Number of protein chains: 2
Amino acid sequence: MIQATGAAKVQAAGGFRALSFDAGAPLQLSSGETIAPLTVAFETYGALNAERSNAVLVCHALGGDQFVASPNPITGRPAWWPRIVGPGLPIDTNRLFVICSNVVGGAMGSTGPSSPASDGKPHGLRLPPITIADMVRAQAMLVEALGIESLFLVIGPGMGGMQALNWASAYPRRVFACASVAASARQSAQNIALAELGRQAIMADPDWRNGAYMAHNVRPLKGANIARTAMRITDLAADEVRTRAQGFSNQEQFKIALDGGAPAAYIDRFDANSFLYLSRAMDRFDLARDFGGRLSNAFQDASTRYGVFAFKDDWRYPPQDSREIAHALIGAGADASYVEIPSGGGHDACFREEPQFEAALTGFVDAAAAARGLALQGGTL
Amino acid sequence: MIQATGAAKVQAAGGFRALSFDAGAPLQLSSGETIAPLTVAFETYGALNAERSNAVLVCHALGGDQFVASPNPITGRPAWWPRIVGPGLPIDTNRLFVICSNVVGGAMGSTGPSSPASDGKPHGLRLPPITIADMVRAQAMLVEALGIESLFLVIGPGMGGMQALNWASAYPRRVFACASVAASARQSAQNIALAELGRQAIMADPDWRNGAYMAHNVRPLKGANIARTAMRITDLAADEVRTRAQGFSNQEQFKIALDGGAPAAYIDRFDANSFLYLSRAMDRFDLARDFGGRLSNAFQDASTRYGVFAFKDDWRYPPQDSREIAHALIGAGADASYVEIPSGGGHDACFREEPQFEAALTGFVDAAAAARGLALQGGTL
């Protein structure tokens, strides 16, 4: 059972389990503003050991939520990392205590544009801008409220990898190991451009209603579909994009070439305003910026162990992005491994069955667990 | 004065000067279908010499038209290549005869989705799919009708460069020199993806009316604006995209970061259905595909002289694309020059003031003119 300390209390937010922080514990934002009260919705898997040394924070991607290893009870979406987090899996919940929280700015119970403000109406666009560092600060409040001083591992794919890197940079003493999966220390111009198109499409949708669609009981589905396609494009491998688009059919020449349209389940869980906030947070992410433009300076404390995982034909976060992280870590004198998986699945590969990734991640986690003095798989905690 | 031969006659089409080809001279399309009658709107600059050896065909880009060196009389848009084509410029109209035609599928007088079909209504989506090769075949009909057996030079930027390469490949004996400017022999997955987003945005606009917006006297301006931004993004240099997007303002956080919105003049001349057709033509372009996937096989006749011009930070058609063309030409034993301009202006640089590009192009054109036996600049023809 989860118990919270300090200003936080466990409660339900929109049907999700959450910690709420009252006005005495505001979230300090990068913009200089604060959010109070703050709600952080989260899930946990496995049990915290007596030493409180086996906690893993999994950070979710732009399209993710806190349900890393179990179905989302509201949307029905299955666990998003079912081959990575669970009993006997690389992040083994038989021996590790896994926390996954919905990011600030998200739409699954944490404070975000769709959550209620003090006037009872959704924050909408009144919410201040959110950064990756803000997401991390909110997670740090959660982790602290759960009584965990030091995380065994912080890990995430895509936007989750950005958070993991930001965690290790901001709180080096509180992160034993850090794994970036198919991510980047700086959002690429290509990703910024695609996100910008998605945002424009949402804001051009008459049903967006200047962000107040909830009050009008409508949703900007057309814009959401385009934004989803913008993201979907870079989930695929470049070769797949070209193959799909070069089909030549008279009757159906302008049928959507890259996707059969978004599945209803995706659009059901897609909150347009959250997309605006989270995609802007990613656009602005540049971990080196606060360190004189030198990424290695962002990793001052060399005691954290790093695993950097890239997928060969990932077009959203190409291996070059991960190599830059690895080079910076080596430049900082950190203990860093770089693994490039020869996948054919594009960015999506990090969520799918990729035995080489699973094996490499298992090796990284097991080695870190041994160094931390945690029992090996099959042992007891 | 222009005189046409054979099945073609000079006439006005929608206010533009054009050649029309009757049913006896159909345009054979890559799809197997034909277009007849066919209208090709065009402009010319300078005078054809007695030997008919000084004709230059300039092929326009996706956002271009036939008004390469003079204002468009209908839209008022200024000449789109004012530093390249004109008296005393690299393509010197004091000694060269320049032809520029609106591509098939375009919206400036040539047969396209907005031009009238036999029932008097716009073709709309009834027009068959168009390829780059189809644009080139229509230009070949125009050039032949003008009594020109062999072009001194075929040149174009972006989509125009694709046409120039296709010209040299399809009609090697009719092209003395060929210049590809900031172009590619194969559309990249990134460009395909951005175009697909633009198409989806247009088709999601309620004012698109399934392509029949003209009949309803409306225009899909919101979709057009997004499509325009999709193109605009890669006109800029990657660094500029990132700088613009990383601005951090609370009040205006979702203001369009990459552009202040499309200028009215652009949207006035933007035809949404033409964008669908022309962008799909570019998506499908892969010059090597009909040659066993080997680009050098596309350039069989080594007598054409090639100039391949790239701009260092061009993000739409990066220098790598141009280098692949140059490598293929060298592999084919062709006389090829590759020039990479150290610009900071992204893809747009090819339309702007770039003294190094202008000097390099002048050198290429002058050398080719000397080889062709044309009078040098300042001479008489």
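Cut-off values and rules
Residues numbered from 1 in each chain as written. Chains lettered and ligands numbered in written order. Predicted model: local features only at pLDDT ≥ 70, side-chain atom pairs only at ≥ 80, totals over all residues. Helix = DSSP H or I, 4+ residues; strand = E, 2+ residues; numbered from the N terminus. Expected span 1.5 Å × (residues − 1). Buried ≥ 20, exposed ≤ 12 C-beta atoms within 10 Å, placed from the backbone. Domains from an automatic or database assignment. Nonpolar A, V, L, I, M, F, W, Y, C, P; charged D, E, K, R; others polar. Pairing = 2+ DSSP bridges. Core = buried A, V, L, I, M, F, W, Y, C linked by C-beta atoms within 7 Å. Contact = placed C-beta atoms within 7 Å. Axes fitted to C-alpha atoms, helices over the stretch in contact; angles between N-to-C directions. Parallel < 35°, antiparallel > 145°, perpendicular 65-115°, else oblique. Left-handed = near helix turned anticlockwise from the far one by under 90°.

Undergrad: Describe helix α7 (residues 272-284) of chain A, with residues and values.
TA: For α7(A), which comprises 13 residues, the first-to-last C-alpha distance of 19 Å matches the rise-based estimate of 18 Å (1.5 Å per residue) to within 8%. Among the 13 residues of α7(A), 13 are classified as buried, and the element is accordingly described as predominantly covered.

Undergrad: Describe in detail the domain arrangement of chain A, supporting the description with residues and values.
TA: Where interface size is given, it is often the accessible area lost as the parts come together that is meant. Residues and elements named next belong to chain A. Here chain A is partitioned into domain 1 (8-185 + 289-372) and domain 2 (189-283). Placing the centre of domain 1 and that of domain 2 at their C-alpha centroids yields a distance of 24 Å. Taken together, the residues that form the side of domain 1 that touches domain 2 break down as 13 nonpolar, twelve polar and five charged.

Undergrad: With reference to specific residues and values, describe the pairing of strand β6 (residues 55-58) of chain B.
TA: All names here are of chain B. Burial of the side chains of β6 extends over both faces: A55 and L57 are buried on one face and V56 and V58 on the other. The pairing of β6 with strand β9 (residues 97-101) spans four bridges and is classified as parallel. The residue of β9 that forms the bridge with A55 is F97. Here three bridges tie β6 to strand β10 (residues 151-157), and the two strands are oriented parallel to one another. Of the residues in β10, the one forming a bridge with V56 is L153.

Undergrad: Now, about the nonpolar core: what can you tell me, with residues and values included?
TA: With 253 residues, the main nonpolar core has V56(A) and V56(B) as its most contacted residues. Apart from residues no more than four positions distant in its own chain, V56(B) is found in contact with I91(B), L96(B), F97(B), V98(B), I99(B), L151(B), F152(B), L153(B) and I155(B).

Undergrad: Please set out helix α1 (residues 132-145) of chain B residue by residue, giving values where relevant.
TA: All names here are of chain B. The terminal C-alpha atoms of α1, which comprises 14 residues, lie 20 Å apart, in line with the 20 Å expected from a rise of 1.5 Å per residue. Burial analysis of α1 places twelve of its 14 residues in the buried class, which makes it a mostly covered element. Two residues or fewer past α1, G147 is found with a positive phi of approximately 80 degrees.

Undergrad: For the packing of helix α3 (residues 189-204) of chain B against helix α4 (residues 221-235) of chain B, give the residues involved together with the corresponding values.
TA: Residue and element names in this part refer to chain B. Interaxial distance between α3 and α4 falls to 7 Å at its minimum, and their mutual angle equals 170 degrees. By the angle between their directions, the pair α3 and α4 is classed as roughly antiparallel. Crossing of α3 over α4 shows right-handed handedness. Side by side, α3 and α4 meet where N191, L194, A195, L197, G198, A201, I202 and A204 of the first sit next to G223, A224, I226, A227, A230, M231, I233 and T234 of the second. Considering only residue class, the contact of α3 with α4 consists of twelve nonpolar, four polar and no charged.

Undergrad: Account for the sheet that holds strand β10 (residues 151-157) of chain A, with residues named and values stated.
TA: All names here are of chain A. Judged by pairing direction, the sheet is mixed, and its nine strands sit side by side in the order β1-β2-β5-β9-β6-β10-β11-β12-β13 without closing on themselves. Whereas interior strands pair on both sides, the edge strands pair on one side only; in this sheet they are β1 (8-13) and β13 (335-341). Here the average twist between neighbouring strands, direction ignored, is 25 degrees. Against the sheet, helix α2 (residues 159-170) touches β10 and β11 (175-181), its axis set at about 150 degrees to β11.

Undergrad: Which residues make up the pairing of strand β11 (residues 175-181) of chain B, and what values do they have?
TA: Residues and elements named next belong to chain B. Across the seven residues of β11, seven count as buried, placing the element largely inside the fold. Alignment of β10 against β11, held across six bridges, turns out to be parallel. From the neighbouring strand, L151 faces β11, where its bridge partner is V175. Pairing between β11 and strand β12 (residues 305-311): five bridges, direction parallel. Note that in β12 the partner of A177 across the bridge is R305.

Undergrad: So what's going on with the packing of helix α1 (residues 132-145) of chain A against α2(A)? Which residues, and what values?
TA: Residues and elements named next belong to chain A. The interhelical angle for the contact between α1 and α2, taken along N-to-C directions, is 70 degrees, at an axis separation of 9 Å. Compared by their axis directions, α1 and α2 come out roughly perpendicular. The handedness of the crossing between α1 and α2 is right-handed. Counting all contacts with α1, which are made through I132, A133, M135 and V136, the residues of α2 involved are M162, Q163, N166, W167 and A170. For the contact of α1 with α2, the per-class residue count stands at seven nonpolar, two polar and no charged.

Undergrad: Residue-level account of the sheet that holds β12(B), with values.
TA: Residues and elements named next belong to chain B. Pairing in this open sheet of nine strands is mixed, and the strands run β1-β2-β5-β9-β6-β10-β11-β12-β13 from one edge to the other. Edge positions in the open sheet fall to β1 (8-13) and β13 (335-341), since each of these has one partner strand only. For this sheet the average axis-to-axis angle between neighbouring strands, irrespective of direction, equals 25 degrees. Sheet analysis places strand β2 (residues 16-21) next to strand β5 (residues 38-45), joined by four bridges and oriented antiparallel.

Undergrad: Can you tell me about the environment of A183(A), naming the residues and giving the values?
TA: Residue and element names in this part refer to chain A. Tracing the sequence through the fold places A183 in the loop between β11 and α3 (189-204). Expressed as a C-alpha distance, the spacing of A183 and A310, which sit 127 residues apart in the sequence, is 7.5 Å. Sequence-distant contacts of A183, defined by excluding residues within four places in its chain, comprise P157, G158, G161, M162 and Y317.

Undergrad: So what's going on with unusual backbone geometry? Which residues, and what values?
TA: Residue and element names in this part refer to chain A. Omega for the peptide link from A36 to P37 comes to -5 degrees, which places this bond in the cis form. With respect to the element layout, P37 can be found in the loop between β4 (34-35) and β5 (38-45). The backbone phi angle of N210 is positive, close to 55 degrees, even though this residue is not glycine. Positionally, N210 belongs in the loop between α3 and α4 (221-235). We note that N217 has phi near 60 degrees; this positive angle belongs to a residue other than glycine. With respect to the helices and strands, N217 occurs in the loop between α3 and α4. Assessed through the 6 C-beta atoms surrounding it within 10 Å, N217 is described here as exposed.

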